[in-house]
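Descriptive structure summary
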Amino acid sequence: MKTNEIAINEQVFNFLITGHFRANDLESANGMLDIMQQAGMEPSVETYRAFLNGYAEKGDMEGVKETMKKVADNGLTLTPNILFDVLLTLAKGGYTKEASEILPSIQKFPGYSTEAMSCAIHLATLAQDDLAYQVFEAIGKPVVYDKGDAKLGRFLIRAMVRAERPPEKLSTMLQKMNEAEFNSDTIAITAQMAYLNKQTDFALKILDYMKKEGHTIRTHFFWPAICQYRDKGEKDKLKAVVKYMGDACEGKEDKYQTLEDYIIPAFIQLGVPENKLLAELKDTGSLTQNSEMVNFGLTMNLLKTKGVDEALSFAEKNPCYILYGALKPVLVPLYKRTRDLEAVFKVLKFANEEGASPNLAQETNGWFVMDFLQNTSVKDGGEALFLGMKNKGLKIPKTDVEEVKSLCKRLNIELSPEASEALNSLGSDLATQSTRTRQQGSLMQLGDKSKKHLEDLLQKYPGNKAVQKYLLGKYCQDGDTEKAAELKASLDATGFVYSDYQLRQLSFMESVHSENLQAAESYLTQLKTQFPEYSNYIRALINVSALKIKDLRAEEALTDLQEYCEKNTSSIAEQKFSESYMLQDDCIRILNALSESKQTDLARSFLKLFFDGGLVRSGTASILRTYLDIFIKNDDMDGAIEALDFITTTYTKTVPSNELMKMLIQKEDPERLQKVVDLLTPLRGEMNVLHQLMISFVECGHIKKARKIVETPGLRAVMNVLVLACGQFVHERRLKELEDLVSVTKNLFAVDRDEMLFQKLRYHALEKDWSKALNVLIDYEEEGIQPRARTLRYLAKALEGDGQPVPFDIPQHMSAEKAQEVTTEEFDEAERFPFSTVEQKALALIKNGGCTAVIDIKKDLDQSDDKKQAKKFIPTLISALVDKKHFRDIGKLILELSKAGEIETLEELKTHSYPEEVIRGIQRRLLHTYVDSNRGEEILSYLESNPSEVDMYFSWVGIQNLTENYPQLMERVEKLAELTAEQKSFKLTNLLWSQYFCQDDTSKAEAILKKHPEMLETLRVANVCSHAMRTKDEEKLLQVADIVKGNEGALKIVYRNLLMLHSYNDNADGILKVIEKLAEEKLTTDILNVKNRNKLIEVFQSQNKPIPSQLAFVQQKDSSPKSSESSSSSSDDEAKSAGR
């Protein structure tokens, strides 16, 4: 090498080693190491890599292992990419078993997923499926993912599809992934992947395999194939796929939609004239063998593309089978496109005269009238519509005439006398069958109807069993036991056989509302005996179990629930109880029953069953609070300590523990009290726990001990905790505890003395003890504190309201706006509540949108003598609304409390055992309330002391409100975001990025992402997309798409918004560009639901442009025929309701 002046370096030696191996000269290859040392060079990892690959090419695992040992002995490390390279070399040589032996060495390293994915994809192209799966499996699962909707491993499936591995191999791979809970996809996903790769023939091969394996094949599986063969100009393959589709798909389902929207347009685009289409489709199978249906499809196509005259001219010459369900949706759009009612009347006239069913024709006429009234602007008193129909001899069912009149009244359409007369003349006596059809339609989806609606329907259709059975369900659900018993007796008299749904509801009513264990058990036994496959009765079972516990049968109740959870794991998972709080109140009922019956020894078993069995979200706060309360109520201190230890250790959560602290203080049990402090401190922080302990000492009258805590070195005031305690003392009229707490905290570092003294002043103002209230101002002077303006305004307003003089100057409001006075009108007493008159009135006001008036009632109660009722007023209302699941009304009430600046009330509500979503709503509104009350700095200080609570308080609207009102605090907010980011919580950082991005403050937005690049994997773009959609800012959406490349979830949201923005603008070219972008990012149009997909398709249809193949295939859980002539049976309707 020196003679030939070749540079001597490591790379040259590595090439020589590889060459010697391939020449089968292992002795010379090993000799290279000696030569390297003579040249003063030491072998590196890359040198050993050449040896490893040399041995691997020969399948010599002994040589591979010996080389790996040399590497380790020399203090070098083989990285995952080198080991994967060796694995691939072995696999290429057919040494599969030996290749798999490399994996354990790789798994010792962290973070090798990228190399593993690349290796698995390469193995898929080599048809090494089993080894590819082993490599994929080695990546492992993320800590948190949705097993029910898992999509792990799609990269490997895509690679196998691109390599066109046999469908049975694809199925086997998916089955492995399904069983290991990596992936929940079915074999249908592979057909979609093939379509997206334009592998049309292979996609059809997959569908053929699915058919042979017994999978249901839907016509929409073939839509992309039709579009792709159309675009390629392959008419013969198009005909073949149409024929195969007709044979493969069972039932009617959406075959006509396929014919009208895909098959006919495809052949026309390929140049087949309308009058030759039937001949072209002659041998394409069952889907197109009905010539009259094909002619109707052609007529509809012409109606959309060439106009009414040409469409009807074709239809008059070619017999059509009229599908009224397909005709209905095009009538109003036809009018909107042409603004020609006469044209629509021509179409209706043709359908009435040529159709096979006069009843359906008249029903279609009536449908058009109501659709027209609701979706167009009627300015002539309805004369053009109704006189036009009368002149054309178009009739509607008599029952529709009254419905049309009612609709006009609701829409404020005042019919002219001529139009009214014409409308009355349209009613047809030929309506018997039509009325029956419409009645059937009106009785569909009964599970969605309200109790009042069902009662109205029963009056309209007396004796209708479908209405009766769903009304019985509503009565059971609402606890209307008298009406339920009356209706059940009526059904029993007819020999009615109860379904699984009714038996479940009856059992639920008897257990929850009647507390009749014998009856509840009887219905549940009938249900399980008669319908052994039915599993959707967990609420009824839980509440029956609660009654069994009260009957001292707790062991039996636990066994019942355990057996249910073991038997119905898939049903529980499908209903996603573990992701919600749907069964929260029912689980709490079980725990309360254990407490009442003093069977606390089984409480933990039930608790673990609730969480581990997937019945409720694990660690639900209200359930954990109830669990701790069981032992406190039963004076079991050891049990309470063990429960708190279990909660903090197992779920890393804390629960309100002031009652436990007070009980231990009163029992003079310092050892257990210290244990409580030790358990709470790691999670709540020392400051918060010491404050709670100090307040508990104050409540128990141990003032010296409370002062001793204040003297703790480094302790500073946590005002949120102090204000909450003061607010509680004020509401409960506990003056001594309030005064003691104000006094004890006087010298506490960083305490807000104005706030503390204000609470004392507020107490006396509510008691109308004006001398003491004014004396508090002296306390201010003695402490050298200047009262805030809001303190003086509050006292002045209270004095003036009671006709008292104001002995000081009143500071002016920052805004001169005066709150509008709200008068409370008579409330609707139709629905009675089991509360006091004032609470009934408040609930009725809330029901009728009068939340503002409820706040006025609260203020009156606060100043009344009935302090007990004043304290429980708002909590009672919210509890009542929770029981009735009126969460929207709760939100409205919380909003009004926020507007009224009721910070203390909201802080107190936060401590109640409401459902988690209610507590979260209160916390989010608290941020707004503090900001709107000019106390933004206070809430920010609290969150700085309690960073673990930041995510619960901040929302998109909240960060906007804070930014607008307190721009001077944003630097502190940014620091708080950094603090939470250090704890791997990026919600606030995400919100700040969104805010800056929407404000076009790109430097700050970019700085956040630069500092936290890991955020890109979880960046929340929904708020930015919503802002861009409101402002129609396509450019901003494109900018976001560039930022989140690689984040599949975020990209889907951005591209979905881009597609919908273009659909709103009727921009077909824009939609096509986004679809191309999706293909580049290897994403699919399954980001759209069926409704949005149809909106996009309408854009292309309205512009007579071909439907893109990517829109033709969107995964659907089910598909329904376009025609409305087939309706769901009552049993289907019942199943839907039971599923809910």
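Here the structure is shown first, and the text comes after it.
The present account deals with the structure reproduced in this document. (Residues numbered from 1 in each chain as written. Predicted model: local features only at pLDDT ≥ 70, side-chain atom pairs only at ≥ 80, totals over all residues. Heavy atoms only, no water.)

A few points about a positive patch on the surface
Stated formally: A patch consists of residues exposed above 30% relative accessible area that lack any salt bridge, with like charges linked at up to 9 Å and nonpolar side chains (Val, Leu, Ile, Met, Phe, Trp, Tyr) linked at up to 5 Å. A 1.4 Å probe and the Shrake-Rupley method give the accessible areas. Residues count as covered only by the protein chains that appear here. Salt bridges are identified by distance alone: a Lys or Arg side-chain nitrogen within 4 Å of an Asp or Glu carboxyl oxygen. None of His or the chain ends enter the tally, which takes Lys and Arg as positive and Asp and Glu as negative. Where a charge lies is defined by one atom per residue type: Lys uses NZ, Arg uses CZ, Asp uses CG and Glu uses CD. Each helix corresponds to a stretch of at least 4 residues labelled H or I by DSSP, and each strand to a stretch of at least 2 residues labelled E; elements are numbered beginning at the N terminus. Think of it in three bands: with a 1.4 Å probe and only protein chains considered, a residue is buried below 20% of the maximum accessible area for its type, exposed above 50%, and partly exposed in between.
A cluster of basic residues, Arg617, Lys653, Arg920 and Arg924, forms a positive patch at the surface. Structurally, Arg617 is set in the loop between α36 (603-612) and α37 (621-633). For Arg617, a relative accessible area of 34% puts it in the partly exposed group.

Points about the packing of helix α42 (residues 703-710) against helix α44 (residues 735-744)
Rules: Axis definition: a line fitted to C-alpha atoms, limited for helices to the stretch in contact. Angles are taken between N-to-C directions and run from 0 to 180 degrees. A clockwise turn of the near helix away from the far one marks a right-handed crossing, whereas an anticlockwise turn of less than a right angle marks a left-handed crossing. Only heavy atoms enter the contact rule, under which two residues are in contact if any of them lie within 4.5 Å. Lys, Arg, Asp and Glu make up the charged group, whereas Ala, Val, Leu, Ile, Met, Phe, Trp, Tyr, Cys and Pro make up the nonpolar group; the residues left over, Gly among them, are polar.
Running from amino to carboxyl end, α42 crosses α44 at an angle of 35 degrees, the nearest separation of the two axes being 10 Å. Considering only the axes of α42 and α44, their crossing is right-handed. In contact with Ile703, Ala706, Arg707 and Val710 of α42, α44 contributes Asp740, Ser743 and Val744. Of the residues contributing to the contact of α42 with α44, the split by class is four nonpolar, one polar and two charged.

A closer look at the packing of aromatic side chains
This is how the line gets drawn: Between the rings of Phe, Tyr and Trp (Trp by its six-membered ring), a pair exists once the centres lie within 6.5 Å; its type follows the angle of the planes, with under 30 degrees stacked, over 60 edge-to-face, and the other angles tilted. Either the NZ atom of lysine or the CZ atom of arginine qualifies as a charge over a ring when it sits within 6 Å of the ring centre and within 35 degrees of the ring normal.
Under the definition given, this model contains 19 aromatic pairs. Residues Tyr133 and Phe136 carry aromatic rings whose centres are separated by 5.9 Å and whose planes lie at 55 degrees to one another, so their mutual orientation is tilted. Of this pair, Tyr133 and Phe136 both sit in helix α9 (residues 129-139), separated by three residues, roughly a single helical turn. Here Tyr942 and Tyr953 contribute two aromatic rings whose centre-to-centre distance is 6.2 Å and whose plane-to-plane angle is 65 degrees, an arrangement assigned as edge-to-face. One end of the pair, Tyr942, is in helix α54 (residues 936-945); the other, Tyr953, is in helix α55 (residues 950-953), and 11 residues separate them in sequence. Accessibility assignment for this pair places Tyr942 and Tyr953 in one class, buried. For Arg604, the ring lying beneath its charged end belongs to Phe646, and the centroid distance is 4.2 Å.

Side note on the pattern of salt bridges
Within the structure shown, the criterion is met by 63 salt bridges. Its salt-bridge partner being Asp261, residue Lys304 comes within 3.8 Å of it at the nearest N-O pair. Here Lys304 is found in helix α18 (residues 291-305), whereas its partner Asp261 is found in helix α16 (residues 255-269), with 43 residues between them in sequence. For Lys304, a relative accessible area of 24% puts it in the partly exposed group. You can call Asp261 buried: its relative accessible area is 10%. In the salt-bridge network here, residues are joined through shared partners; they are Glu659, Lys662, Glu699, Glu732, Arg734, Glu737 and Lys871.

Here's the deal with the side chain of His691
Spelled out, the test is: What qualifies as a polar contact is a pair of N or O atoms within 3.5 Å, subject to a donor-acceptor requirement within protein and to the restriction that residues adjacent in sequence count only when both atoms come from side chains.
Inspection of the secondary structure assignment puts His691 in helix α41 (residues 686-699). Within the local environment of His691, its side chain forms a polar contact with the backbone nitrogen of Val718, the two atoms lying 2.9 Å apart. Other than its neighbours up to four places away in sequence, His691 contacts Leu715, Arg716, Ala717, Val718, Val721, Leu722 and Leu748.

Details of helix α20 (residues 324-338)
The criterion, for reference: One less than the number of residues in a helix, times 1.5 Å, gives the span that helix is expected to have. Fitting axes to the seven residues that end at a residue and to the seven that start at it, the angle between those axes gives the bend at that residue.
Under the 1.5 Å per step criterion, the end-to-end length of α20 is 21 Å for 15 residues, consistent within 8% with the ideal 21 Å. The principal kink in α20, of about 30 degrees, is found at Val330, preceding the proline Pro333 by one to four residues. Every buried residue of α20 is listed here: Tyr324, Gly325, Ala326, Leu327, Lys328, Val330, Leu331, Val332, Leu334 and Tyr335. Where α20 is buried, its residues contact α16, α18, α19 (308-317), α21 (341-354) and α22 (358-375). Arg339 occupies a position one or two residues after α20 and carries a positive phi of about 55 degrees.

With respect to the packing of helix α62 (residues 1048-1064) against helix α63 (residues 1068-1080)
Heads up, the rule is: Any angle from 65 to 115 degrees is called roughly perpendicular, while one under 35 is roughly parallel, one over 145 is roughly antiparallel, and all others are oblique.
Running from N to C, α62 and α63 cross one another at 165 degrees; their axes reach a closest spacing of 8 Å. Taken together, the axis directions place α62 and α63 in an arrangement best described as roughly antiparallel. As for the relative orientation of α62 and α63, their crossing is left-handed in sense. Along the contact surface, α62 presents Tyr1055, Leu1058, Leu1059, His1062 and Ser1063, while α63 presents Gly1070, Ile1071, Val1074, Ile1075, Lys1077 and Leu1078. For the contact of α62 with α63, a count of residues per class yields seven nonpolar, three polar and one charged.

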